[in-house]
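Read off the chains here:
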Amino acid sequence: MEGRAAAPGAGTVVNALATGRGAAFALDLETTATVELDPDAEGVTGAIAGAPDGDTTLIERCVERVVDRYGADEGGAVETESEVPTAAGLKSSSAAANATVVATLSALGLDVANDPDADVTKTEACRVGVRAARDAGVTVTGAFDDASASMLGGVTVTDNREDELLARDDPFAEHALVWTPPQRAYSADADTAACERVAPMAELATELALDGDCARAMTVNGLAFSAALGFPTDPAVEAMTDCAGVSLSGTGPSVVAVGDREALADVRERWDDRDGETRLIRTRETGARVL
């Protein structure tokens, strides 16, 4: 019983740490999961390609939760490999959880689709991964915004307190520029009290996103949360004249700008002077998929 699936990372439109409501959009960077189930195996073992000492609690818990709900006490093994850098604000945990959940459901012979007649809807599969992420302690809010963007593709607006999807649409831009500095930041370590102090700006950004103005929502969010979390606003300011929107992604440290590809190439020239890595990629209309 084997399943293989992939899910994309995502960028932030609105960080949910301040109010519980957030928004995110899928990026064309993928995590792949391979799951092998065995009715005779006891427990689940996990591995992360290229990171022999990596924490596999999340992906193991995803398999366990899927089997608990949809299987028959199978054990097995899961391995992930990823283009999404960890602890960089690009939703690596959500991508890993979604890929693992969908791969496990595939191994069980269950159809996963954004369709009410599917064996398991993508939204419900997403919620399984979110619950596993809470079990594993890798998220503060539950990250349903990040997870839903990764699972469904496009841009999603959510209430993370209720794991409720408020809105979903196709990406508001086709191209994204991502700058990831060398340092890393873990979502579970974020200063939530500082984030709550910028709640009025987060509420404004959320309303902009719900009205379809996700690019401006990004910029409002990015300036507010960069200040709250102690990240420089210079990269965003450098990008503003040549992009539709720009934001600190998640709890950092990556910054993501969206807009016209040629204009973003001009931004890239400026960001390339900074330490770290820049990537000019596409946004994604599609989310997690069986391979």
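Just so you know, these numbers come straight off a predicted model, no measurement behind them. (Residues numbered from 1 in each chain as written. Predicted model: local features only at pLDDT ≥ 70, side-chain atom pairs only at ≥ 80, totals over all residues. Heavy atoms only, no water.)

**Concerning the overall build of the protein chain**
Then, in step 1: Per the secondary structure count, the protein chain includes nine helices and 13 strands.
Then, in step 2: Counting only C-alpha atoms and orienting by the principal axes, one finds that the protein chain spans roughly 60 × 35 × 35 Å.
Then, in step 3: A burial count over the protein chain gives 56% of its 291 residues as buried.
Then, in step 4: Here the contacts in the protein chain between residues at least 6 apart in sequence split such that 71% fall between residues at least 24 apart.
Then, in step 5: With an accessible surface of roughly 11900 Å², the protein chain has 43% of that area assigned to carbon and sulfur atoms.
Then, in step 6: If you average the places of the 23 positive and of the 51 negative side-chain charges in the protein chain, the two averages end up 4 Å apart. (Helix = DSSP H or I, 4+ residues; strand = E, 2+ residues; numbered from the N terminus. Buried < 20%, exposed > 50% of the residue type's maximum accessible area, 1.4 Å probe, protein only. Contact = heavy atoms within 4.5 Å. Areas by Shrake-Rupley, 256 points an atom, 1.4 Å probe, with all protein chains shown as cover. Lys, Arg positive; Asp, Glu negative; His and termini not counted. Charge placed at Lys NZ, Arg CZ, Asp CG, Glu CD.)

**Topic: the pairing of strand S9 (residues 175-180)**
Then, in step 1: Within S9, six of the six residues are buried, which leaves the element mostly enclosed by the surrounding structure.
Then, in step 2: Burial along S9 is two-sided: the face carrying His 175, Leu 177 and Trp 179 and the face carrying Ala 176, Val 178 and Thr 180 are both buried.
Then, in step 3: With six bridges connecting them, S9 and strand S12 (residues 277-282) associate as antiparallel partners. Following the sheet pairing, Ala 176 is matched in S12 by Ile 281. (Pairing = 2+ DSSP bridges.)

**Section: the packing of aromatic side chains**
Then, in step 1: Evaluated as defined, the whole model comprises one aromatic pair.
Then, in step 2: A centroid spacing of 5.2 Å and a plane angle of 70° characterise the contact between Phe 25 and Phe 172, whose relative ring orientation is edge-to-face. Residue Phe 25 is found in strand S2 (residues 21-38), and its partner Phe 172 is found in the loop between strand S8 (164-169) and S9; the two are separated by 147 residues along the sequence.
Then, in step 3: Owing to a relative accessible area of 1%, Phe 25 belongs among the buried residues under this scheme. (Phe/Tyr/Trp six-rings, centres within 6.5 Å; stacked < 30°, edge-to-face > 60°.)

**Some points on the environment of Ala 107**
Then, in step 1: Looking at where Ala 107 falls in the secondary structure, it is placed in helix H2 (residues 92-107).
Then, in step 2: Expressed as a C-alpha distance, the spacing of Ala 107 and Asn 221, which sit 114 residues apart in the sequence, is 39 Å.
Then, in step 3: In this structure, Ala 107 is in contact with Met 1, Glu 2, Gly 3, Val 35 and Leu 37, ignoring residues within four places of it in sequence.

**Focus: the packing of helix H6 (residues 199-210) against helix H7 (residues 214-229)**
Then, in step 1: As a packed pair, H6 and H7 sit with axes 8 Å apart at the nearest point and diverge in direction by 165°. Taken together, H6 and H7 sit at an angle that is classed as roughly antiparallel. H7 is crossed by H6, and the crossing has left-handed handedness. In this structure, H6 contributes Met 201, Ala 202, Leu 204, Ala 205, Leu 208 and Ala 209 to the contact, and H7 contributes Cys 214, Arg 216, Ala 217, Val 220, Asn 221, Ala 224 and Phe 225.
Then, in step 2: Grouping the constituent residues of the contact of H6 with H7 by class yields eleven nonpolar, one polar and one charged. (Axes fitted to C-alpha atoms, helices over the stretch in contact; angles between N-to-C directions. Parallel < 35°, antiparallel > 145°, perpendicular 65-115°, else oblique. Left-handed = near helix turned anticlockwise from the far one by under 90°. Nonpolar A, V, L, I, M, F, W, Y, C, P; charged D, E, K, R; others polar.)

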